Amino acid sequence: MKILFICSGKDNDSISPVIENQISILKKYNQTINVFTIDKKGLRGYLKSIIPLRKQIMQSQYDVLHSHYLFCGIVSLFAAPNANHVLSIMGSDIYARYY
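Colleague: Got a minute to help me understand the packing of aromatic side chains in this structure?
Modeller: This model, assessed by the stated rule, comprises one aromatic pair. Between the aromatic rings of Y46 and F71, the centroid separation amounts to 5.9 Å while the plane-to-plane angle is 55 degrees, which identifies the pairing as tilted. Residue Y46 is located in helix 2 (residues 42-48), and its partner F71 is located in helix 4 (residues 70-79); the two are separated by 25 residues in the primary sequence. Relative accessible area serves as the criterion here: at 41%, F71 is assigned to the partly exposed category. The ring centre of Y62 lies 5.4 Å from the NZ or CZ of K2, which sits over that ring.

This is the structure:
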């Protein structure tokens, strides 16, 4: 299975340890994992990442898109609305109050 992890971070070396742990476990089960990081912050940064993410998805034909945190999930839905999505809502996404 080919899985694309979508998360925020400056590059693949600065992603969350929780996400790194998930990747290492899945690789033990011979899953192909790629990571797309959204490195720009704020609404504009997330919106600007939609087109590059769409290009990566179209080039590699992933079986599953696994987004970490709510805003990454929204970006992935705009980039590939018909793909198979998994969304991991963690930390402040669960406990924050949005107005």
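Colleague: Help me out: how do you make sense of unusual backbone geometry in this one?
Modeller: For N30, which is not glycine, the phi torsion reads 60 degrees and is therefore positive. In this structure, N30 sits in the loop between helix 1 (17-28) and strand 2 (32-38). On the basis of relative accessibility, which here comes to 68%, the residue N30 falls in the exposed class. Its identity as a non-glycine residue notwithstanding, Q61 has a phi of 50 degrees, on the positive side. On the basis of relative accessibility, which here comes to 58%, the residue Q61 falls in the exposed class.

Colleague: Sorry, what's going on with the sheet that holds strand 2 here?
Modeller: In space, the four strands of this open sheet follow the order 2-1-3-4, with parallel pairing throughout. Pairing within the sheet leaves two strands with one partner each, and these edge strands are strand 2 and strand 4 (85-88). Neighbour-to-neighbour, the strand axes of this sheet turn through a mean angle of 20 degrees, independent of strand direction. As paired elements, strand 1 (residues 2-8) and strand 3 (residues 64-68) share four bridges and run parallel to each other. Among the inter-strand pairings, F5 is bridged to a residue of strand 3, identified as H66. Across the sheet, helix 1 is in contact with strand 1, strand 2 and strand 3; its angle to strand 1 comes to roughly 170 degrees.

Calculation criteria
- Residues numbered from 1 in each chain as written.
- Predicted model: local features only at pLDDT ≥ 70, side-chain atom pairs only at ≥ 80, totals over all residues.
- Heavy atoms only, no water.
- Phe/Tyr/Trp six-rings, centres within 6.5 Å; stacked < 30°, edge-to-face > 60°.
- Helix = DSSP H or I, 4+ residues; strand = E, 2+ residues; numbered from the N terminus.
- Buried < 20%, exposed > 50% of the residue type's maximum accessible area, 1.4 Å probe, protein only.
- Lys NZ or Arg CZ within 6 Å of the ring centre and 35° of its normal.
- Pairing = 2+ DSSP bridges.
- Axes fitted to C-alpha atoms, helices over the stretch in contact; angles between N-to-C directions.
- Contact = heavy atoms within 4.5 Å.

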